[in-house]
Amino acid sequence: MFEYDVCIIGTGRVGLPLGLSLMDVGVKATGVDIDATMRESVNEGRMPFHEPGYDEIIARKEFKVHGSPADVVPNSAALVITVGTPLHNHIETDLSQIQRVLTSLCPHLRKGQTVLLRSTVAPGTTSYVKKWLERNTDMVVGKDILLAFCPERIAEGLAHTELRSLPQIVGGEDEQSVEAAAQLFGRLAPEILKTDFITAELVKLFNNISRYINFAVANQFALIADDFGANIYETRRLANHDYPRCNLAMPGFTAGTCLRKDFGMINEWSAYPDMLLSAWKMNEFTPAMLVDQLMKRAKIHDSRVAVLGFSFKADTDDIRDSLVPKLCRYIERQLPMEVRITDHNLPEAIHEPSASTPLRNWAVSDALEDVDCVFVATNHTGYHDVLVELGKNRPNAWVADIWNVGGIDQIFYKAGDLLNSEVTS
Ligand SMILES: NC(=O)c1ccc[n+]([C@@H]2O[C@H](COP(=O)([O-])OP(=O)(O)OC[C@H]3O[C@@H](n4cnc5c(N)ncnc54)[C@H](O)[C@@H]3O)[C@@H](O)[C@H]2O)c1
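No experiment lies behind these values; they were computed from the predicted model shown. (Residues numbered from 1 in each chain as written. Predicted model: local features only at pLDDT ≥ 70, side-chain atom pairs only at ≥ 80, totals over all residues. Heavy atoms only, no water.)

**What about the state of the cysteines?**
And step 1. Per the stated rule, a full pass over the model turns up zero disulfides.
And step 2. C106 takes part in no disulfide bond, and the closest cysteine sulfur to it belongs to C7, at a distance of 16 Å.
And step 3. Not part of a disulfide, C258 finds its nearest cysteine sulfur in C150, a span of 17 Å.
And step 4. Residue C258 is classed as partly exposed on the basis of its relative accessible area, which comes to 33%. (Disulfide = S-S within 2.5 Å. Buried < 20%, exposed > 50% of the residue type's maximum accessible area, 1.4 Å probe, protein only.)

Okay, structure coming up:
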C-alpha cells in the first residue's frame, strides 16, 4: 500500500541517524528536509555533520532526502517528525517548526498513516498535534490516522550504538497508535516502554533536566570547594570512590541545544524562581567565573589569549548553544591584545550566529605560539598533549582548565606546572 515504511521529516542530528539506522536494519526509509545543503550532502552519500558509525551506511546512497513532502509523504506508512524545538528569546517554547511541518504535511496525509512526534516537546504538545490533525483533516486520531510521541534520548556522538541499546518510550492514547509505533521502533530498540502522551513527554524532559541539574550541582560544588580552599577534583574523586550513593559529575560548561532549553519547557509555566532556574543560573555563570578567577592570577588585558575548543561538548562539531562564544565575549571585555579560537573539529571559518563575521579558527600550534593565557573551553580528545607541549614552550602561560584536561587537579595553573606534577586523571 505504501512505497516507504517511514519518512523522516527533518533529517538533522536526530532525524538523519535515525533514518540511516532504520534503513540499515531493512526498513524502507526516506526523508524530507527544507535545507538544500543538507539534502545535497546526504544524497551524495556524505554525512553533513560528525556522527560516528554512519559514513559507510550513508555512502551506499540508499537513503534519499527530498525537498518537498509531496514527493514522498503520501507514499510513506509512518511520518517521524524530528525538527528543532528551540526556545524563543524569552522563557517560552518555540513551536513554529512543528507548526510549519504540520501545515506542509496536511495536504498529503492519508488514512492509515502513523504520525510519530520525536522532537523534544513541551508537555501537552502531542495533544496539541492531535487536536491540530483533527481540526485540519477529516480524520480522527486512533481511527483514521495514528499518533504517538516517541522521544529521542540518544547523546550526540553515540546515536549509532544508543539507537540499538536504549529502551524506547512510546506515548499514545489508543492501542493501535501505540502498537504501530512499537512495531517501528522495535526494529531498533531492545525494549519498548508504553505509556500516554504526557508521561512520555515528561520522561524525556526529566531525563535532560536532571542531567542539567547534576552538572549545575557539580559547578556549584567547584565554587564551594574553591571558597574553602579545597580541591574540587580530589574532593569529587574521594566522594565517588567505591561509594554507591554518590555520583558527582565533573564541573564544566553545560550547554548545547538540548540541556539548556529543555528546562525552559517546564519552567515557562512557573512564576517563581525554582531549582530549575537556579541550575540555569549556575551553569550560565561558569564562563564569567573562569574569566573573573583567572584575572585574580593573571593579566588578560593586553595579553594574547587562546581558547581551546569551541563546540558545546567534547569531540563533536556542534556549536549550537555552546557556552564558548559567551566565554570569548567575557574575555573580549577585558580588551586583550588578541583572542585566538582553535577547534580541530570545526572548519577554518566558524559561523557563529551572534558574531557579525565568521570567526577565524586558528591551527592549534599558531594559537598557542607566544600566548599568555589559555582557556580550555571544551575537553576534546588530544588537548592533554597540547597542554603538555604548551608547558614546554610557554611554561609561564596561565591555563584555566575547568575540565581538568591537564590532569593535575587544578582549575588554574601555569602550563609549566604540568611538567612537574603527577597526572591524576
Ligand atoms: N541533537 C541531539 O542530540 C538531540 C537528542 C535528543 C533530542 N533532540 C531533539 O530533537 C529535535 C531535533 O534536534 P536536532 O538536533 O536534530 O535539530 P537539527 O536542527 O539538527 O535538525 C532539524 C532539521 O529539521 C529541518 N527542518 C526544519 N523545519 C522543517 C520543515 N518544515 N520541513 C522539513 N524539515 C525541516 C532542518 O532543516 C534541520 O535539518 C529537537 O527537538 C531536539 O531538542 C536532539
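**Overview of the nonpolar core**
And step 1. With 67 residues, the main nonpolar core has L294, I331, F375 and L387 as its most contacted residues.
And step 2. A per-element tally of this core places helix α9 (residues 197-227) first, with eight residues. (Core = buried A, V, L, I, M, F, W, Y, C linked by side-chain atoms within 4.5 Å. Helix = DSSP H or I, 4+ residues; strand = E, 2+ residues; numbered from the N terminus.)

**Describing the site of the ligand**
And step 1. The immediate surroundings of the ligand are formed by 25 residues, with V14, D33, T85, K261 and R320 found nearest.
And step 2. In the environment of the ligand, an oxygen atom lies 2.8 Å from a nitrogen or oxygen atom belonging to the backbone of V14.
And step 3. The separation between an oxygen atom of the ligand and a polar side-chain atom of T85 is 2.5 Å.
And step 4. Protein chains shield 89% of the accessible area of the ligand, which is 830 Å² for the free molecule.
And step 5. Where the shell around the ligand is concerned, the elements lending two or more residues are α5 (96-105) and α11 (257-267).
And step 6. Tallied by class, residues from the shell around the ligand come to nine nonpolar, eight polar and eight charged. (Near = heavy atom within 4 Å. Polar contact = N/O pair within 3.5 Å; in protein donor to acceptor, adjacent residues only side chain to side chain. Areas by Shrake-Rupley, 256 points an atom, 1.4 Å probe, with all protein chains shown as cover. Nonpolar A, V, L, I, M, F, W, Y, C, P; charged D, E, K, R; others polar.)

**Focus on the sheet that holds strand β10 (residues 338-342)**
And step 1. On the basis of which strands lie adjacent, the open sheet formed by five strands has the order β10-β9-β13-β14-β15 and mixed pairing. Unpaired on one side and paired on the other, β10 and β15 (412-414) mark the two borders of the sheet. Going from strand to strand, the sheet's axes swing by 20° on average, the running direction of each strand aside.
And step 2. In terms of strand pairing, strand β9 (residues 304-308) meets β10 through five bridges, oriented parallel. Paired with V305 across the two strands is V339, which belongs to β10. (Pairing = 2+ DSSP bridges. Axes fitted to C-alpha atoms, helices over the stretch in contact; angles between N-to-C directions.)

**What about a nonpolar patch on the surface?**
And step 1. A contiguous nonpolar surface patch, about 370 Å² in accessible area, is contributed by V217, F221, I224 and F228.
And step 2. Tracing the sequence through the fold places F221 in helix α9.
And step 3. F221 gets classed as partly exposed once you look at its relative accessible area, which sits at 34%. (Patch = residues over 30% accessible without salt bridge, like charges linked within 9 Å, V, L, I, M, F, W, Y side chains within 5 Å. Salt bridge = Lys/Arg side-chain N within 4 Å of Asp/Glu carboxyl O.)

**Comments concerning the packing of aromatic side chains**
And step 1. All chains considered together, the criterion is met by two aromatic pairs.
And step 2. Here Y212 and F263 contribute two aromatic rings whose centre-to-centre distance is 6.0 Å and whose plane-to-plane angle is 10°, an arrangement assigned as stacked. Placement of Y212 in helix α9 and of F263 in helix α11 is noted, with a sequence separation of 51 residues between them. F263 carries the same exposure label as Y212, and that label is buried. (Phe/Tyr/Trp six-rings, centres within 6.5 Å; stacked < 30°, edge-to-face > 60°.)

**Notes on the packing of helix α12 (residues 275-295) against helix α13 (residues 324-332)**
And step 1. At a closest axis distance of 9 Å, the pairing of α12 and α13 adopts a crossing angle of 35°. Both α12 and α13 take part in a crossing whose hand is right-handed. Facing α12, whose interface residues are E284, P287, A288 and V291, α13 presents K326, L327, Y330 and I331.
And step 2. Looking at the contact of α12 with α13 residue by residue, the classes come out as six nonpolar, no polar and two charged. (Left-handed = near helix turned anticlockwise from the far one by under 90°. Contact = heavy atoms within 4.5 Å.)

**Details of the environment of D94**
And step 1. Along the chain, D94 falls in the loop between β4 (76-81) and α5.
And step 2. Along the backbone, D94 and M265 are 171 residues apart, and their C-alpha atoms lie at a distance of 9.4 Å.
And step 3. Here D94 is in contact with T85, P86, L87 and H88, once residues within four sequence places are set aside.

**Regarding unusual backbone geometry**
And step 1. Of note in the backbone geometry, L335 takes a positive phi value of approximately 55° without being a glycine.
And step 2. The exposure class of L335 is exposed, given its relative accessible area of 56%.
And step 3. You will see that D370, though not glycine, has its phi angle at about 50°, which is positive.
And step 4. Along the chain, the position of D370 falls in the loop between α14 (364-368) and β13 (373-376).
And step 5. Judged by relative accessible area, D370 falls into the partly exposed class, the value being 31%.

Function cannot be inferred from these measures alone, as they are strictly geometric.
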